[in-house]
Amino acid sequence: QVQLVESGGGLVQGGGSLRLSCAASGSIFSINAMGWYRRAPGKQREFVARIASSGSTNYADSVKGRFTISRDNAKNTVYLQMNSLKPEDTAVYYCNADIKRLLPLPFYNYWGQGTQVTVSS
């Protein structure tokens with residue numbers, strides 16, 4: 001079994017910073033891309049940022065220059081550093097990863113349970 005567990009969410013004032021973490025655990029052979037998505041109240045889940053196993057990154061336009069995604073492959077962990085937070089960043093943030101559990105198996109996509117980020121004005 002594989003689990004993705006997020007942490008680091010909370011309440012912060014506009015202009016502040018938060019750092020989210022997501023650790024993958026369980027029977028893991030290899031992890032390909034890892035990323036973050038978010039769902040704001042009343043809206044659909046949207047892409048935030050993604051990082052490949054090579055370290056290449058891409059971001060949603062709405063967070064470019066403010067958020068930074070990184071990963072520690074030795075710890076099977078992905079991070080999201082969020083700076084200059086705005087009230088419109090308020091959402092549940094979900095971790096996502098493509099994980100191969102065993103060598104013969106393909107990569108499967110996994111989701112974390114989500115962590116709440118609330119930015120006050």
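In this report, we go over the structure that sits alongside the text.

1. Here we look at the overall build of the chain
So, step 1. Each helix and strand in the chain was counted, giving 0 helices and 11 strands.
So, step 2. Radius of gyration (C-alpha) of the chain: 14 Å, near the 14 Å computed for a compact globule of 121 residues.
So, step 3. Referenced to the eigenvectors of the C-alpha coordinate spread, the extents of the chain come out at roughly 50 × 25 × 25 Å.
So, step 4. Taken over 121 residues, the chain has a buried fraction of 43%.
So, step 5. A separation threshold of at least 6 residues defines the contact pool for the chain, and within that pool the share at least 24 residues apart is 56%.
So, step 6. Element-wise, carbon and sulfur atoms account for 48% of the exposed surface of the chain, whose accessible area totals about 6300 Å².
So, step 7. Counting 13 positive and 7 negative side-chain charges, the chain places the centres of these two groups 4 Å from one another.

2. Observations concerning the pattern of salt bridges
So, step 1. If you walk through the whole model with that rule in mind, you get 5 salt bridges.
So, step 2. When the shortest N-O distance is used, the salt bridge between Asp-89 and Arg-38 registers 3.0 Å. Here Asp-89 is found in the loop between strand S8 (77-82) and strand S9 (91-100), whereas its partner Arg-38 is found in strand S4 (residues 30-39), with 51 residues between them in sequence. An identical accessibility class is assigned to Asp-89 and Arg-38; each is buried.
So, step 3. Notably, a salt bridge pairs Arg-50 with Asp-98, separated by 2.7 Å at the nearest N-O pair. Linking Arg-50 in strand S5 (residues 46-51) with Asp-98 in strand S9, this pair joins segments that are 48 residues apart in sequence. Asp-98 matches Arg-50 in its accessibility class, with the two residues each being buried.
So, step 4. Three or more residues are tied together by salt bridges with common partners; here these are Arg-38, Glu-46, Arg-66 and Asp-89.

3. Examining a nonpolar patch on the surface
So, step 1. On the surface, Leu-102, Leu-105 and Tyr-108 cluster together to form a nonpolar patch covering roughly 260 Å² of accessible area.
So, step 2. As for its position among the elements, Leu-105 is in the loop between S9 and strand S10 (108-111).
So, step 3. When its relative accessible area of 32% is taken as the criterion, Leu-105 is described as partly exposed.

4. Things to note about the sheet that holds strand S7 (residues 67-72)
So, step 1. Taken in spatial order, the 4 strands of this open sheet run S1-S3-S8-S7, and their pairing is antiparallel. For this open sheet the edge positions go to strand S1 (2-7) and S7, each flanked by a neighbour on one side alone. Shown here is a sheet whose adjacent strand axes are inclined to one another by a mean of 15°, direction ignored.
So, step 2. Both S7 and S8 contribute to a ladder of 6 bridges, which runs antiparallel. Bridge assignment links Arg-71 to a residue of S8, and that residue is Val-78.

Cut-offs and rules
- Residues numbered from 1 in each chain as written.
- Predicted model: local features only at pLDDT ≥ 70, side-chain atom pairs only at ≥ 80, totals over all residues.
- Heavy atoms only, no water.
- Helix = DSSP H or I, 4+ residues; strand = E, 2+ residues; numbered from the N terminus.
- Rg over C-alpha atoms; globule rule 2.2 N^0.38 Å.
- Buried < 20%, exposed > 50% of the residue type's maximum accessible area, 1.4 Å probe, protein only.
- Contact = heavy atoms within 4.5 Å.
- Areas by Shrake-Rupley, 256 points an atom, 1.4 Å probe, with all protein chains shown as cover.
- Lys, Arg positive; Asp, Glu negative; His and termini not counted.
- Charge placed at Lys NZ, Arg CZ, Asp CG, Glu CD.
- Salt bridge = Lys/Arg side-chain N within 4 Å of Asp/Glu carboxyl O.
- Patch = residues over 30% accessible without salt bridge, like charges linked within 9 Å, V, L, I, M, F, W, Y side chains within 5 Å.
- Pairing = 2+ DSSP bridges.
- Axes fitted to C-alpha atoms, helices over the stretch in contact; angles between N-to-C directions.

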